[in-house]
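Each chain, written out:
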Amino acid sequence: MNTEYGVIDTALPSLTKLLGERLSTATAVREHHGHDESGFKTEPPDAVAFAHTTEEVSEIVKICAQYRIPVIAYGTGTAIEGHVQARRGGVCIDLSQMDRILEVNQEDMDCTVQAGVTRLQLESHLRDTGLFFPVDPGADASLGGMAATSASGTNAVRYGTMKENVLSLKVVLADGRIIKTGTRAKKSSAGYDLTHLFIGSEGTLGIITEVTLRLHGLQEAISSAVCSFPNVDDAINMVILTIQSGIPIARIELLDGLMMRAINLYSKTEYPEQPHLFLEFHGSDTGVKEQAEAVQGIASEFNGSDFTWATRSEDRSRLWKARHDAYPSALQLQPGTRAITTDVCVPISRLAECIRETRIDIDQASMPIVMLGHVGDGNFHLAILPHPDRPEDIEEAEALNHRLVRRALAMEGTCTGEHGIGQGKISFLEEQNPAGVMLMRQIKQTLDPDNLLNPGKVLNMD
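Only a predicted model underlies this, so the values are computations on that prediction, with no experimental measurement involved. (Residues numbered from 1 in each chain as written. Predicted model: local features only at pLDDT ≥ 70, side-chain atom pairs only at ≥ 80, totals over all residues. Heavy atoms only, no water.)

Colleague: What exactly am I supposed to notice about the packing of aromatic side chains here?
Modeller: Two descriptors summarise a pair of aromatic rings, namely the distance from one centre to the other and the angle between the planes of the rings. Summed over the entire model, instances satisfying the criterion amount to five aromatic pairs. When the ring of Phe278 is compared with that of Trp320, the centres are 6.0 Å apart and the planes differ by 65°; the resulting orientation is edge-to-face. You can see Phe278 sitting in strand β14 (residues 276-283) and its partner Trp320 sitting in helix α12 (residues 313-324), a full 42 residues away along the chain. The pair Phe278 / Trp320 is uniform in exposure class, with both members buried. Ring pairing ties together the aromatic residues Tyr271, Phe278 and Trp320, which thus form one cluster. Between Arg251 and the ring centre of Trp320, over which it is positioned, the NZ or CZ distance is 4.4 Å. (Phe/Tyr/Trp six-rings, centres within 6.5 Å; stacked < 30°, edge-to-face > 60°. Helix = DSSP H or I, 4+ residues; strand = E, 2+ residues; numbered from the N terminus. Buried < 20%, exposed > 50% of the residue type's maximum accessible area, 1.4 Å probe, protein only. Lys NZ or Arg CZ within 6 Å of the ring centre and 35° of its normal.)

Here's what the structure looks like:
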């Protein structure tokens, strides 16, 4: 693969003619687009292009292809594995102004949006339709970015991830061609599954500009709860029995004791500073009541206590806001740091073992580490908080991350359940599936022979 890149000055006249003032080379704009929420260093692009339409994205990509300039797609910058840094320079295409909701089909329970539409923007638009979109990664991410990173979140245990909730994509390829990957039909056996090829490709195979999403009907009743446990083992064993019992719980989130301490400090709450589960039940009034009673009974078998229930919308929002604020809450435990975040996912039967062994690492660490996760589907996260001025802290944090990933792989799990590969887990992907990575490289070389799309992410192509 030829990885010799052109000089941005050769492409600037054509890009300026196309975009005018919507092309920026200002230092502040470039710096802003050179990092995400991860701890990876800022690597700014050479220029930032603010696109309005799929056709504009196509023209930008064609110009960049002509002059061999790398292209990085940018939504809201909320990724946490170094997805948007311009590792080889180039042009960042900011899709945030592509924020139109193109159609909502209430009878078919689907919608089509431009890639820059955010999760909360769609939620607000759907408010009076009786429908909702369930994938909730916490951050108000763009839906194009959520598709590109195969986002998941708190509702995945019942409603699935982006993979289960995207029907079709509009994608700009490395040579500027525009393709549509599917239809609005709920199923298809027509050829290769191109939609799922691009979901999770992190902008390395094509730039997603439109997304057609599966919507779900709002439930008659919703009830949320918080429950504390004396230790993480009890909480996880309660989760496993709940899932194995077939109770259709909508959300079940773990937060360890240190995480709860951080939330209390940040959100001015007064939860006991011990492991908690945040839960939510969806269905009919009768069904929700039965689910809640069954889960409370299981929790009591594992020493669960301090149940707090919320059925009113504003109370539920306040409860889940504490969970969604976990990341900024954790950062205050070590002021001035940028957290090293990581996640793994294992079969539910191995979850307790994986977490138990990981707790030993956490207890022996010299820095604060919080644990939280979507444990209903075997996925959990660590936010490691090294002191920013201590290289030995960074080294210790990276070693802990390596042990965690290899532990998950040994349990037939994956190196990432939802954060994605970015630049941070390229080597882990190679460990997880070396033969698969060889095939991925062949696909990348076919679709992007000059390695112009988000180079330095997902796969090592140099």
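Resuming the write-up.
Colleague: It is not clear to me how the sheet that holds strand β5 (residues 101-105) should be interpreted in this structure. Could you clarify?
Modeller: Neighbouring strands of a sheet are bound in pairs by backbone hydrogen bonds; such pairs are parallel or else antiparallel. Ordered in space as β5-β6-β10-β8-β9, the five strands form an open sheet in which the pairing is antiparallel. Of all the strands in the sheet, the pair left with one neighbour each is β5 and β9 (178-180). Pairwise comparison of adjacent strand axes, ignoring direction, gives a mean angle of 10° for this sheet. Bridge count between β5 and strand β6 (residues 110-114): four bridges; the pairing is antiparallel. By the bridge assignment for β6, Ile101 is matched with Val113. (Pairing = 2+ DSSP bridges. Axes fitted to C-alpha atoms, helices over the stretch in contact; angles between N-to-C directions.)

Colleague: What am I meant to see in the nonpolar core here?
Modeller: Ile236, Met238, Leu254, Leu277, Leu279 and Ile355 are the most contacted members of the largest nonpolar core, which has 54 residues in total. For this core, the leading source of residues is helix α9 (residues 232-244), giving six residues. Look past the residues within four positions of Leu277 in its chain and what remains in contact with it is Ala225, Val226, Cys227, Phe229, Ala235, Met238, Val239, Glu253, Leu254 and Val375. Leu126, Phe133, Leu143 and Leu205 belong to the second-largest nonpolar core, a separate cluster that totals 26 residues. (Core = buried A, V, L, I, M, F, W, Y, C linked by side-chain atoms within 4.5 Å. Contact = heavy atoms within 4.5 Å.)

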